[in-house]
Amino acid sequence: MERWPWPSGGAWLLVAARALLQLLRADLRLGRPLLAALALLAALDWLCQRLLPPPAALAVLAAAGWIALSRLARSPRLPVATRAVLITGCDSGFGKETAKKLDAMGFTVLATVLDLDSPGALELRTCCSPRLRLLQMDLTKPADISRALEFTKAHTSSTGLWGLVNNAGYNDVVADVELSPVATFRSCMEVNFFGALELTKGLLPLLRHSRGRIVTVGSPAGDMPYPCLAAYGASKAAMVLLMDTFSCELLPWGVKVSVIQPGCFKTESVRNVGQWEQRKELLLASLPQELLQAYGEDYIEHLHGQFLHSLRLALPDLSPVVDAITDALLAVQPRRRYYPGHGLGLMYFIHYYLPEGLRRRFLQTFFINHCLPRALRPGQPGSTPAQDAAQDLGLDPDPGPSPEAAQ
């Protein structure tokens, strides 16, 4: 009895791709990610034809195609209609750009700012529609939060509140934990955690009623120990854990919760080198003399120079973060996590799967590579054993000129 010839791997790939495209029923944007995925699938097709029997090859190709295309395809979206969204921290950066985009899409946007006369607030007034409403709010002041809650209820009485975007964030020090004032940890927690918690809890009745969305801007510094960002990272880690708890508890109410973990982008705070210089000088002036002698002023200057140098890698285009926030608000099935930015996949892979020593060295290379504190350098009393240990950690014994000074 004649057997039917088994279709080639390429034919199965074509059939699988067509079926997946019809099943996904979502947008696939032509670009480098899609082209790279198709190239990898073609390479996998070639390997499967040579190494696997036809049924197994079909299964592998179908699974790989499903995973690749589902990751690249944009989920079906809900219509904007009359949806209203509250966004915090719209003076600049992600908040301002998100407010502009959502307003252009037809949302009713309630945008909070620290200063109603700031350049960002004036820009929003100028370029956005009358639907956008500005409100002054400081997340460290309960009275401001209460006023924002009443403002939101009043301006969404007819439409309901569809989404809350917790974007406002704060950090004013880049230094080792021992060098960072405890007040800095409290300030970061007040804005990045407690203020956002109070606002979110206050808006939950409205969000439960609309079965809406909570979108929070976190940071990879809350997932991994970035050097010199302990205060900021700890507050973001607390916030992300809170959002994961909300995600479970609000599931029966139909409220979906997403966290955006962006890479380094060139927001106004990143570009403001003078502000970071001023903060460094305030840190030096506030340090106890004993700590300043143990670490050395040149140690802090080295950290500052390394930090500014790392900011040169920041991406100027904020649209990946804005697009992620928009998708989290409108996708029928939004992701729990979004990772806009370059290199985050590699960074998280190293953090979760490679040995601790390699993880530490990667963060030092990518962000800040410490030098030896003054008390541990050669020639200082009792420095030899500590110096050997520091060399094992990959620390530079001599700070030398900072990257900024060398350019």
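Residues numbered from 1 in each chain as written. Predicted model: local features only at pLDDT ≥ 70, side-chain atom pairs only at ≥ 80, totals over all residues. Heavy atoms only, no water.

Looking at an unreviewed UniProt entry, one finds the protein named 11-beta-hydroxysteroid dehydrogenase type 2, with Enhydra lutris kenyoni as its source organism. Database annotation for the protein, UniProt heading Sequence similarities (unreviewed entry): "Belongs to the short-chain dehydrogenases/reductases (SDR) family." UniProt, in its Pathway (unreviewed entry) section for the protein, records the words "Steroid metabolism." (UniProt positions renumbered as here; feature names shortened; annotations may be inferred.)

(A) Region of the structure containing the packing of aromatic side chains. Under the counting rule described, the total for this entry stands at nine aromatic pairs. Both rings, one in Trp276 and one in Phe307, keep their centres 4.9 Å apart while their planes meet at 70°; by these two values the pair is edge-to-face. Of this pair, Trp276 sits in helix H10 (residues 273-286) while Phe307 is found in helix H12 (residues 297-311), placing the two residues 31 residues apart along the sequence. By relative accessible area, which is 10% here, Trp276 ends up buried. On the accessibility criterion, Phe307 (7% relative accessible area) is buried. Look at Phe307 and Phe367: their rings are 6.0 Å apart centre to centre, the planes differ by 85°, and that puts the pair in the edge-to-face class. Residue Phe307 is located in helix H12, and its partner Phe367 is located in the loop between helix H15 (356-366) and helix H16 (384-392); the two are separated by 60 residues in the primary sequence. In this structure, Phe307 and Phe367 share a single accessibility class: buried. (Phe/Tyr/Trp six-rings, centres within 6.5 Å; stacked < 30°, edge-to-face > 60°. Helix = DSSP H or I, 4+ residues; strand = E, 2+ residues; numbered from the N terminus. Buried < 20%, exposed > 50% of the residue type's maximum accessible area, 1.4 Å probe, protein only.)

(B) Seen up close, unusual backbone geometry. Positive phi, close to 50°, is recorded for Ala81, a residue that is not glycine. Mapped onto the fold, Ala81 is located in the loop between helix H3 (54-72) and strand E1 (84-87). Relative accessible area serves as the criterion here: at 58%, Ala81 is assigned to the exposed category. Unusually for a residue other than glycine, Cys228 sits at a positive phi of about 70°. Position of Cys228 among the secondary structure elements: in the loop between strand E5 (213-217) and helix H8 (230-249). Cys228 sits in the buried class, given a relative accessible area of 7%.

(C) Highlighting the pattern of salt bridges. In total, this model carries 17 salt bridges according to the counting rule given. What emerges from the salt-bridge pattern is a single network uniting Lys96, Glu97, Lys100, Glu123, Glu268 and Arg271. (Salt bridge = Lys/Arg side-chain N within 4 Å of Asp/Glu carboxyl O.)

(D) Highlighting the pairing of strand E4 (residues 163-166). The two faces of E4 match: Gly163 and Val165 on one face and Leu164 and Asn166 on the other face are all buried. By the bridge criterion, three bridges tie E1 to E4 in an arrangement that is parallel. In the sheet register, Ile87 faces E4, and the bridge partner there is Val165. The sheet contact formed by E4 and E5 spans four bridges and is parallel. Counted as the bridge partner of Gly163 is Arg213 from E5. At this point the chain moves from E4, through helix H7 (residues 182-210), to the parallel E5, and the crossover so formed is right-handed. (Pairing = 2+ DSSP bridges. Right-handed = clockwise from strand over helix to strand, strands pointing away.)

(E) Molecular detail of the packing of helix H4 (residues 93-105) against helix H5 (residues 119-127). Following both chains from N to C, one finds H4 and H5 inclined at 10°, their axes separated by 11 Å at the closest point. Regarding the angle of H4 to H5, the classification is roughly parallel. On the side of H4, the interface is formed by Lys96, Ala99 and Lys100, while H5 contributes Gly120, Glu123, Leu124 and Cys127. (Axes fitted to C-alpha atoms, helices over the stretch in contact; angles between N-to-C directions. Parallel < 35°, antiparallel > 145°, perpendicular 65-115°, else oblique. Contact = heavy atoms within 4.5 Å.)

(F) Examining the pairing of E1 more closely. Here E1 shows a buried face lined by Ala84 and Leu86 and a second buried face lined by Val85 and Ile87. With four bridges joining them, E1 and strand E2 (residues 108-113) adopt parallel strand pairing. The partner of Ile87 across the bridge, within E2, is Ala111. You can see the chain leave E1, run along H4 and come back into E2, and the turn it takes is right-handed.

(G) Focus on the packing of H7 against H8. It is the contact of H7 with H8, at a shortest axis distance of 7 Å, that shows an interaxial angle of 20°. Here H8 runs roughly parallel to H7, going by the angle between their axes. As for the relative orientation of H7 and H8, their crossing is right-handed in sense. Side by side, H7 and H8 meet where Thr184, Phe185, Cys188, Met189, Asn192, Phe193, Ala196, Leu197, Thr200, Lys201 and Leu204 of the first sit next to Ala230, Ala231, Tyr232, Ala234, Ser235, Lys236, Ala238, Met239, Leu242, Met243 and Phe246 of the second. (Left-handed = near helix turned anticlockwise from the far one by under 90°.)

(H) Molecular detail of the nonpolar core. Counting residues in each nonpolar core, the largest one holds 32 residues, and the members touching the most others are Leu179, Tyr226, Ile300 and Phe307. Among the secondary structure elements, those contributing two or more residues to this core are H10, helix H11 (289-295), H12 and helix H14 (344-353). By size, the runner-up hydrophobic cluster in this structure holds 31 residues, among which are Ile87, Leu134, Leu330 and Tyr338. (Core = buried A, V, L, I, M, F, W, Y, C linked by side-chain atoms within 4.5 Å.)

(I) A look at H8. Compared with an ideal rise of 1.5 Å per residue, which puts 20 residues at 28 Å, H8 spans 28 Å between its outermost C-alpha atoms and is within 8% of the ideal. For H8, the set of buried residues is Ala231, Tyr232, Gly233, Ser235, Lys236, Met239, Val240, Leu242, Met243, Phe246 and Ser247. On its buried side, H8 packs onto E4, H7, E5, strand E6 (256-260) and strand E7 (337-338). (Expected span 1.5 Å × (residues − 1).)

(J) Main features of the sheet that holds E2. Ordered by their spatial adjacency, seven strands build an open sheet running E3-E2-E1-E4-E5-E6-E7, and the pairing between neighbours is parallel. Each edge of the open sheet carries a strand with a single partner, namely strand E3 (133-136) and E7. Taken together, the two bridges between E6 and E7 define a ladder with parallel strand orientation. In the sheet register, Ile260 faces E7, and the bridge partner there is Tyr338.

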